[in-house]
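Notes for the structure review
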Amino acid sequence: RKNVSAEQSFDVGFAVIWASFITSRFIYLIFHPQGQNIFLAFFSAKVGGLSFAGAIIGAITMLYLISKVKKIPLGRLSDFFTVSFLVALPFGYLGSALLHKKILLLFDIFNAAIYFLLILFFTKVLFPKLMQRTLKEGSISLIFLLLFSIISFGGNFLIANKKIMSWMDPQNYLLVGLFLLSIVLLIKQGVGKGRK
């Protein structure tokens, strides 16, 4: 895309991956204290766990900072990485399904199916609108963030009813925050008002 070179995209991609991992790990440890120094627990192989919502927050934060420092259009940059991330999601859930049994297996397969459908929706419906400039840059990212929050929150609700996790899990608060953020930004941006 104009003003975003392939080299810049790769550099940003590596930075976003590392930021997502670090944020995901720290947020998990903050919400699930292990009774030891959080910095020591971060590097401990005995203390497992990552926060998926935390990874999203880390990616959003890093993209925002990079766009400000390098003067790259945030909407254009975030849309590029959103589509890439969306394509990877179903395969991640299918891989996770190989490690789980019973309800979690069904949960992973269901999520994989949902995100496969979203790939079709984003690539066949939203992306052409973006190319025709009937959809503002950044709208794809915000719509994905909205749908991701709803799908993840709904899945956590079902799992909580099966007593596999607590309804009061901190992940749910992060998802509600992401949902509200996406709503506010979509209203502020005006999704249906593309550039002429």
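In this report, the structure presented in the accompanying data block is examined. (Residues numbered from 1 in each chain as written. Predicted model: local features only at pLDDT ≥ 70, side-chain atom pairs only at ≥ 80, totals over all residues. Heavy atoms only, no water.)

Looking now at the packing of helix H3 (residues 52-70) against helix H4 (residues 74-97). The interhelical angle for the contact between H3 and H4, taken along N-to-C directions, is 155°, at an axis separation of 10 Å. As far as their axial angle goes, H4 and H3 are roughly antiparallel. Crossing hand, H3 versus H4: right-handed. Here Phe52, Ile56, Leu63, Tyr64, Ile66 and Ser67 of H3 come into contact with H4, specifically with Leu74, Leu77, Ser78, Phe81, Phe85, Leu89 and Tyr93. Within the contact of H3 with H4, the residues separate by chemical class into 11 nonpolar, two polar and no charged. (Axes fitted to C-alpha atoms, helices over the stretch in contact; angles between N-to-C directions. Helix = DSSP H or I, 4+ residues; strand = E, 2+ residues; numbered from the N terminus. Parallel < 35°, antiparallel > 145°, perpendicular 65-115°, else oblique. Left-handed = near helix turned anticlockwise from the far one by under 90°. Contact = heavy atoms within 4.5 Å. Nonpolar A, V, L, I, M, F, W, Y, C, P; charged D, E, K, R; others polar.)

One pair of aromatic rings is described through two measures. These are the centre distance and the angle between the planes. This structure, assessed with the given rule, holds 10 aromatic pairs. Three or more aromatic residues joined by ring pairs form one cluster here, namely Phe52, Phe85, Tyr93, Tyr115, Phe121, Phe122, Phe144 and Phe148. (Phe/Tyr/Trp six-rings, centres within 6.5 Å; stacked < 30°, edge-to-face > 60°.)

Structurally, Asn111 is set in helix H5 (residues 102-131). Asn111 gets classed as buried once you look at its relative accessible area, which sits at 3%. If near-sequence neighbours (up to four positions away) are discounted, Asn111 is found in contact with Tyr93 and Ile151. (Buried < 20%, exposed > 50% of the residue type's maximum accessible area, 1.4 Å probe, protein only.)

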